[in-house]
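Structural description and commentary
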Amino acid sequence: MQLLLVEDDTLLGQGIRNGLSDKGYQVDWVQDGESGLAGIRDLEPDLVILDLCLPGLDGLEVLKTVRHQHNPVPVLILTARDTVEDRIAGLDLGADDYLLKPFSLAELEARIRALYRRSQGRQDESLTYRNLSVDLKARSVMLDGTPVALGKREFELLVLLMDRRGEVLTRRKLEEQIYGQDDLESNALEVHIHSLRKKLGSDLIKTIRGVGYRMERE
Amino acid sequence: MIRSIRAYLLLGVLAMLGCSTLLTLWLTSWHSAHEVEEVFDASLVQSARFFHGLVVDHQEQNTVEELRHSLVVLAGQDMESHWQYSEAGELNPGHPYESKIAFQAWGSDQLRLSSPETFKAPQPEVAGFASVELQGMSWRIYTLYDPVHDLWIRTGQQMAVREELTEQITAKLISPMLLTLPVLLLLLSLVIQWGLRPLLKISRQLDSRDSNDLEALPDERLPLELHRVVGAINRLFCRLREALQREKRFTHDAAHELRTPLAALRVHLESSGLPAERSSFLLQSVARMERLVSQLLALARLEPSRDRLEKSATDFEQVSSEVIAELMPLADEGEVSLELECGGDVTLQAEATLVSVLLRNLLENAIRYSEAGSTVKVGLHGQPDQLLLQVIDHGKGILPEHRQAVLQRFYRLNKSDGPGAGLGLSIVALIAEIHGASVQLCDTDGGGLTVNVSWPR
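Keep in mind the model is a prediction, meaning the values are calculated, not measured.

Conventions and cut-offs
- Residues numbered from 1 in each chain as written.
- Chains lettered and ligands numbered in written order.
- Predicted model: local features only at pLDDT ≥ 70, side-chain atom pairs only at ≥ 80, totals over all residues.
- Heavy atoms only, no water.
- Salt bridge = Lys/Arg side-chain N within 4 Å of Asp/Glu carboxyl O.
- Helix = DSSP H or I, 4+ residues; strand = E, 2+ residues; numbered from the N terminus.
- Contact = heavy atoms within 4.5 Å.
- Buried area = accessible area lost by both parts, 1.4 Å probe.
- Polar contact = N/O pair within 3.5 Å; in protein donor to acceptor, adjacent residues only side chain to side chain.
- Buried < 20%, exposed > 50% of the residue type's maximum accessible area, 1.4 Å probe, protein only.
- Arc of directions from axis to C-beta.
- Pairing = 2+ DSSP bridges.
- Patch = residues over 30% accessible without salt bridge, like charges linked within 9 Å, V, L, I, M, F, W, Y side chains within 5 Å.
- Areas by Shrake-Rupley, 256 points an atom, 1.4 Å probe, with all protein chains shown as cover.

Taken as a whole and assessed by the stated rule, the structure comprises 27 salt bridges over all chains. In this structure, A:Arg113 and A:Glu109 form a salt bridge, with 3.8 Å as the shortest nitrogen-oxygen distance. Highlighted residues: A:Arg113 and A:Glu109, both in helix α5 (residues 105-124), separated by 4 residues, approximately one helical turn. Across the salt bridge formed by B:Asp315 and A:Arg172, the nearest N and O atoms sit 2.5 Å from each other. Highlighted residues: B:Asp315 in strand β6 (residues 312-315) and A:Arg172 in helix α7 (residues 171-179), drawn from two different chains.

Dropping the structure here:
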């Protein structure tokens, strides 16, 4: 996988490049916004890791320009600012995910993989998780090679959880994503989760009681 | 001390007006009393001369008895019935005030004539004016001596007549003043109110402001006196604005300056290839630094929001869910389960960001001090008068004697007790304080710490 790292801090940039190279990623590293923009255009990376605090062209400006050019490259923001406004600003401008400094390499790598998978998934239109594979185009699910019939909502729920494996998705977030503005019975989500577990295995989806659900990282 | 400019002006003007009115009245009555005195004294002298002429004339013609008759008998009749001027043709019109004016004629040490007869002044000895007391009345008396006929002529007038006139004049002056006073007062009050309008306008402008609005007040078309006040307020606003911006910039810069090298340290450490038993202490130190930095930044950000809390209806269930979801990796690391239990109405006016910072700190502590395999539970209990937020762990707990101290900054029970700088609970205490909420530390049934935060509605 080819990554473009835009980070002005020499120590941190070097550390990230070394750490990710060790894991087999091909990392190009630039240290300011203009070079970042040029790199995104010329190198066509699979994913961009973008620091927000850059000399010259600010990280948010870079992001704005990239999205303005209708470039869908996945962007992971690195930020030292943890206020809600700062996070929202980044996501509003089209970042796919953000990571607050400091972070562990493992976390960074997990986010990169998840982002990449999602962007690839959209292209390949298929997702796999353990013994489960999902064809997004045909909307079919195979468990150990055997097709399993899922309802529309069950399918959407499964894809959402698979897409964000490792993350806890709160009930509210799931309900917003799956049911939108529809009127729903208060236990509709529980019913669908229950049914998914029955069809795909009871340990597939974990409950965080009172909070939500998640699928663990592989 | 009068606390209102309007009342101060009103009372001040009123006092001055009262004083000047009283002074005018006193001067007027004094002057008129003096003038009245002179006129009446002159008329006393004139009457005395006239009466003297009459008495001499009648003495020479031996008709004093006739004079006495017309002066004393007719006038001495029942005067009350004649007090009004009679219709035409009546012979002897009288006036009640006649008794207040008196004549006397003394000749050869004998009282020759006295009108009215009740007038009992003693035999005169000196000529000229005198003021005397007669039968409880004050009289003004003029005595004239005629040495040719050895005749003493005396005219008298009750002082009451003069005083009455002076009083009448003064009273006539007072009534218009008393009548105009309320009108004047009303007009004055309106004028003052009108004059103070710009002040009221400024206070309304300040009142209707958002607590974050530090823009300058408009200072065009302001009265001269307010120009300086508004100028001073605006300069203060400007300084405040700058200070707040500096503070914000500082926390931003500090966040960046501290977190970036920490991130570099961690990333280098993780990719250093050191064996786990060597790197784990280093990683723990880094973790403690990271936490300290984020808590210090949280505290730095909290201080200015003490007075400028931006409250909105906050769904505590949503905030708690998000915080728990965020802290799941930390819980996984310690093999601790997290749970949320929710009951009643859990929406409250609060600043959502701060509520999440509070809960994050409580949960981080609870997770860190929990045994592997145990559960940390967040409870939200909506009650009519308050919302109770509970974080219940089954760790070692805190002894009652230490509970007050752990809410203060940089207090740690046991330095070897995992990462942390002892700031977490003081952040919790500060956030609770600025929301008017109270924090209580208690024991969990079966061991462990329960933190109760009560948010008043």
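Additional details are given in the paragraphs that follow.
Time to look at the interface of chain B and chain A. Taken residue by residue, the interface counts 29 residues in chain B and 34 residues in chain A. Between chain B and chain A, the buried area comes to about 2,700 Å², and carbon and sulfur atoms account for 59% of it. Contact with chain A buries surface across chain B, with B:His256, B:Arg259 and B:Val267 losing the most and accounting together for 21% of the total. Note that B:Asp332 and A:Arg214 form a salt bridge whose closest N and O atoms lie 2.8 Å from each other. The interface formed by chain B and chain A holds 10 residue pairs in polar contact (both at pLDDT 80 or more) in total.

Okay, helix α3 (residues 59-68) of chain A next. Residues and elements named next belong to chain A. Among the residues of α3, Gly 59, Val 62, Leu 63 and Val 66 are the ones counted as buried. In an axial view of α3, the angular spread of the buried residues amounts to 100°, which keeps them on one side of the axis. Phi turns positive, to about 55°, at His 70, one or two residues after α3.

All names here are of chain B. Sheet topology places strand β11 (residues 438-443) next to strand β12 (residues 449-456); 6 bridges connect them, and they run antiparallel. Within the sheet, the bridge partner assigned to Val 439 lies in β12 and is Val 453. What sits between β11 and β12 in their antiparallel hairpin is a turn of 5 residues, with Gly 446 showing a positive phi close to 85°.

Residue and element names in this part refer to chain B. A contiguous nonpolar patch, built from Ile 5, Tyr 8, Leu 9 and Leu 199 and spanning about 390 Å² of accessible area, is present on the exposed surface. In terms of residues, the nonpolar patch owes the most to one element, helix α1 (residues 5-60), which gives 3 residues. Mapped onto the elements of the fold, Ile 5 is located in helix α1.

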